[in-house]
Amino acid sequence: GPFNWPITSPAYFDPQRGGGGVLEDVGVHVLDLLRWWLGEPDTVAFADDALGGVAANCAIHLGFGPTEVAVRLSRDWYRPNFYRLTGERGWLHWAIHERDELELGAAGATVGAIVPEPDGDPAAGSYEAAIAAQLRAMAGAMRDDGDGGLVGAEDGLATLRLVEQCRRNHAPMTMEWL
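Residues numbered from 1 in each chain as written. Predicted model: local features only at pLDDT ≥ 70, side-chain atom pairs only at ≥ 80, totals over all residues. Heavy atoms only, no water.

1. Some words on the overall build of the protein
- Counting its regular elements, the protein contains three helices and eight strands.
- Scanning the protein from its N terminus toward the C terminus, one meets helices and strands in the order α-β-β-β-β-β-β-β-α-α-β.
- Counting all 178 residues of the protein, 29% fall into the buried class.
- Counted over contacts in the protein with a minimum sequence separation of 6, partners at least 24 positions apart contribute 46%.
- Per element, the accessible surface of the protein, about 11800 Å² overall, is 58% carbon and sulfur. (Helix = DSSP H or I, 4+ residues; strand = E, 2+ residues; numbered from the N terminus. Buried < 20%, exposed > 50% of the residue type's maximum accessible area, 1.4 Å probe, protein only. Contact = heavy atoms within 4.5 Å. Areas by Shrake-Rupley, 256 points an atom, 1.4 Å probe, with all protein chains shown as cover.)

Okay, here's the thing in structure tokens:
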């Protein structure tokens, strides 16, 4: 959605100091999830509206074998903020902030919603429990005990390489209003 929170300096809007905009702000998390779900993409196309400044909008198209993924991110206007996986015989849909409910559809008709029961998984409980589990995993990774946490450094680096690949494949976004 729109960038509407207070900032302490204009660095976010300076491409030399604040990065590239919405891809680096929100897009890195979306790309991280997509890599986790689908693996490494075979094809990467990326367009944004930076025009030499910081991008407020971008479109990412990824190919994972026969699976095509379209991502649209904006800091200008509200987006519906959901994930939708569509297959030959149905679809799965959920809002990003509704981690406890999935909508299903099959053969053109909505089948219904699934609301899982908490099963001891911290992520299935409260946000506070999930955050506490992440902090414990991060502390364990810093102490180098266990498997390095819920997500290892190599996973983070692979996502950053995908962000860099988006940048290498950059094209200007089509903006009919210009």
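There is more to say after this.
2. Some remarks on the sheet that holds strand S3 (residues 67-74)
- Spatial strand order, S3-S2-S1-S8: four strands in an open sheet with mixed pairing. The two strands at the open ends of the sheet, each matched to only one other strand, are S3 and strand S8 (170-172). Adjacent strand axes in the sheet meet at a mean angle of 20° when their direction is disregarded.
- Two elements, strand S1 (residues 43-48) and S8, share three bridges in a ladder whose sense is parallel. Note on S8: the bridge partner recorded for Asp48 is Pro172.
- Across the sheet, helix H1 (residues 22-38) touches S1, strand S2 (57-64) and S3, and the angle it forms with S3 is around 160°.
- Sitting on the sheet, helix H3 (residues 153-168) is in contact with S1, S2 and S8, with an inclination near 65° to S1. (Pairing = 2+ DSSP bridges. Axes fitted to C-alpha atoms, helices over the stretch in contact; angles between N-to-C directions.)

3. Focus on H3
- The terminal C-alpha atoms of H3, which comprises 16 residues, lie 23 Å apart, in line with the 22 Å expected from a rise of 1.5 Å per residue.
- Listed in full, the buried residues belonging to H3 are Ala158, Thr159, Leu162, Val163 and Cys166. The buried side chains of H3 occupy one side of the element, clustering within an arc of 145° when seen end-on. Exposed positions of H3 whose direction lies more than 90 degrees from the buried face are Ala153 and Arg168.
- On its buried face, H3 sits against H1, S1, S2 and S8. (Expected span 1.5 Å × (residues − 1). Arc of directions from axis to C-beta.)

4. Some points on a nonpolar patch on the surface
- Side chains of Trp5, Ile7 and Phe13 sit close together on the surface and give an oily, nonpolar patch of about 290 Å² of accessible area.
- Overall, the relative accessible area of 37% leaves Trp5 in the partly exposed class. (Patch = residues over 30% accessible without salt bridge, like charges linked within 9 Å, V, L, I, M, F, W, Y side chains within 5 Å. Salt bridge = Lys/Arg side-chain N within 4 Å of Asp/Glu carboxyl O.)

5. Overview of H1
- The largest bend in H1 comes to about 40°, at Val28.
- Taken as a whole, H1 has its buried residues at Val22, Leu23, Gly27, Val28, Val30, Leu31, Leu34 and Arg35.
- Against the buried residues of H1 lie S1, S2, S3 and H3.
- Positioned one or two residues after H1, Gly39 has a phi angle of 90°, which is positive. (Bend = angle between axes of the 7 residues up to and from the residue.)

6. Some details on the pairing of S1
- Judged from the six bridges that link them, S1 and S2 form a sheet pairing that is antiparallel. Counted as the bridge partner of Ala45 is His61 from S2.

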